[in-house]
Amino acid sequence: MSDSSPLPPVRLRPEAELARAALSTPLLSRAARLARWAGPATRVDAGGGLVEEQLPAAAELLGLSGDDAAAHASEAWRVAVDAGLVAVTDEEAGTVAAGEELALLTAGSPHDVLTVWLSALETVVADASVPDLDGLLDAMDEGGEIDFASLDWDPEAEAEFLDGVLGTLYALTVSEGGAGDAPVPLPALAASVIVPGDMGEPTNDVLEQVSDAMMRLDDQFRMLEPVGLVEYQPVDEALMADADEEPAAPVDDTDVSRYGMVRLTALGAYGLRARLLEAGFEAPAVGELADKGADALLDGTSRFGQSAARAETEQWLTRREPLASARELLAAARGADTGAPLRRLRCQQALSLVGAEAEPALRDVLDDPELGGLARVWLSEHGASDVPAPSQDLVFWLTVDTLAAQLQAEGNSEELQALVEGLAEQHSGFFAAAWRVDHPATADVLEAMGRLHPDKKVAKEARKAAFKARSQHGG
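Residues numbered from 1 in each chain as written. Predicted model: local features only at pLDDT ≥ 70, side-chain atom pairs only at ≥ 80, totals over all residues. Heavy atoms only, no water.

Attention now moves to the sheet that holds strand 4 (residues 230-233). As summarised here, the arrangement of the 3 strands in space is 3-5-4, forming an open sheet in which the pairing is antiparallel. A strand with exactly one partner marks an edge of an open sheet, and here the two such strands are strand 3 (184-185) and strand 4. Packing of helix 9 (residues 155-174) onto the sheet brings it into contact with strand 3, strand 4 and strand 5 (261-264), and relative to strand 5 it is tilted by some 70°. (Pairing = 2+ DSSP bridges. Helix = DSSP H or I, 4+ residues; strand = E, 2+ residues; numbered from the N terminus. Contact = heavy atoms within 4.5 Å. Axes fitted to C-alpha atoms, helices over the stretch in contact; angles between N-to-C directions.)

Next up on the list: the packing of aromatic side chains. Taken as a whole, this structure holds 3 aromatic pairs when the rule is applied. Here Phe221 and Tyr232 contribute two aromatic rings whose centre-to-centre distance is 5.5 Å and whose plane-to-plane angle is 40°, an arrangement assigned as tilted. Residue Phe221 is found in helix 11 (residues 204-224), and its partner Tyr232 is found in strand 4; the two are separated by 11 residues along the sequence. For Phe221, a relative accessible area of 0% puts it in the buried group. Tyr232 gets classed as buried once you look at its relative accessible area, which sits at 7%. (Phe/Tyr/Trp six-rings, centres within 6.5 Å; stacked < 30°, edge-to-face > 60°. Buried < 20%, exposed > 50% of the residue type's maximum accessible area, 1.4 Å probe, protein only.)

Take helix 10 (residues 186-194) next. Taken together, the buried positions of helix 10 are Leu186, Pro187, Leu189 and Ala190. For helix 10, the arc enclosing every buried residue in end-on projection is 165°, short of the 170-degree limit, so these residues lie on one face. If you follow the buried residues of helix 10, they end up packed against helix 9, strand 3, helix 11, strand 4 and strand 5. (Arc of directions from axis to C-beta.)

Following the sequence through the fold, Arg273 ends up in helix 12 (residues 266-278). The class of Arg273 is buried, set by a relative accessible area of 12%. Of note is the side chain of Arg273, whose polar atom sits 2.6 Å from the backbone oxygen of Ala283. (Polar contact = N/O pair within 3.5 Å; in protein donor to acceptor, adjacent residues only side chain to side chain.)

What follows deals with the packing of helix 13 (residues 294-301) against helix 15 (residues 322-333). At a minimum axis separation of 8 Å, helix 13 and helix 15 run at an interaxial angle of 60°. Judged by the angle between their axes, helix 13 and helix 15 are oblique. Viewed along their axes, helix 13 and helix 15 form a crossing whose handedness is right-handed. In this structure, helix 13 contributes Ala294, Asp295, Leu297 and Leu298 to the contact, and helix 15 contributes Glu328, Leu329, Ala332 and Ala333. (Parallel < 35°, antiparallel > 145°, perpendicular 65-115°, else oblique. Left-handed = near helix turned anticlockwise from the far one by under 90°.)

What follows concerns helix 16 (residues 340-351). Taking 1.5 Å as the rise per residue, helix 16 with 12 residues should run 16 Å; its terminal C-alpha atoms sit 16 Å apart, in good agreement. Within helix 16, 10 of the 12 residues are buried, leaving the element largely enclosed by the surrounding structure. Inspection of helix 16 places Ala340, Pro341, Leu342, Arg343, Arg344, Leu345, Arg346, Cys347, Ala350 and Leu351 among the buried residues, and these make up the whole buried set. Against the buried residues of helix 16 lie helix 13, helix 14 (306-318), helix 15, helix 17 (359-364), helix 18 (372-381) and helix 19 (392-410). (Expected span 1.5 Å × (residues − 1).)

Below, the structure is given as structure tokens:
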């Protein structure tokens, strides 16, 4: 995530559902159990961690066994302290008591629970950016300071790398046409943050960096799964049988799942959005515009994909009467600024969700130069009678307005190219008339048609028409 441009809107699950998911995550449930277990006899070290002698009892309480039992118990305790479930009452004596946040897990609101979970998430994400503890101890000097240079580890760069990967996973999950609920192959995720966008065939050096990133991410996602951020299928151990070699990139799709698959959970989407907002990114959620005016709705959804815009609009409409909402939408759709065509397209799409009760509002704007075209379309589609035929000028104006909106919404998409080809084919004299259309976007639309049309002769006609339009409007 390299800039603060708006991300696609996420469809969040209800907070009550997310809170239940948070409470059932292994890490938070373990932290809560340890917080309830802690008492006057519990002792912590100077950093607030459980003293080593008490780790076996903590692991037993949590039902943990094996070589990693003490480490998992220690992690759960650290989460309990960081999330406020446990409070260190006397640092010198190393005594603890139940923290203020512990009661929130049973008596608080869903939002309270999620706030505690977000604290736990921050602890785990921070831990996931740190190399193994043995490496840290080996790099510690006599004064107890860590020599980062000897570790070949830059804490800030490592945190940025993980944040970038998580931001990319979030964007892939919430984007229309992206991963959605499907898992993302670890090699593809690693490549997305390592391989430059303008690089054709990756070099061996870049492929080695991707392989190294995969191994780091494998460790990190194993740590992030217990807090409920992701569901993760780790890299197949057989691929790492030779400890001196990192696995090569998969050769085809049939074995890609062996190289790790990661899926962002609904709770994870909530958590990453909160982190992105905290970092200053614009990360909208569907439903945020439901209580705002039509101007905010049309401007906001102009940056959304088709299905997200529809979902947002449906929520907005459910809170309003059909006729009043139609009038408000039409008023907000007016304008000659560059964003106006897309506002009118979103208005037209919103009005398609409103029933026949909206008819009076559409009839009121039949003579409006900016809204008369879309009003005729709506009335005709709803089977209204006595709909006046549009003038030739209005037809061309509406065509330019629609193309300008599509251009703003989709850029040079295949759908827009097909629309351009169809227009030029159906109207042999289209360009001869189109350059005269009194619309702020006429020249830009004609230039785009020149870029998009595959027929060189037609494209040249479009460019000539664009030149005439610019000359007519003084630039």
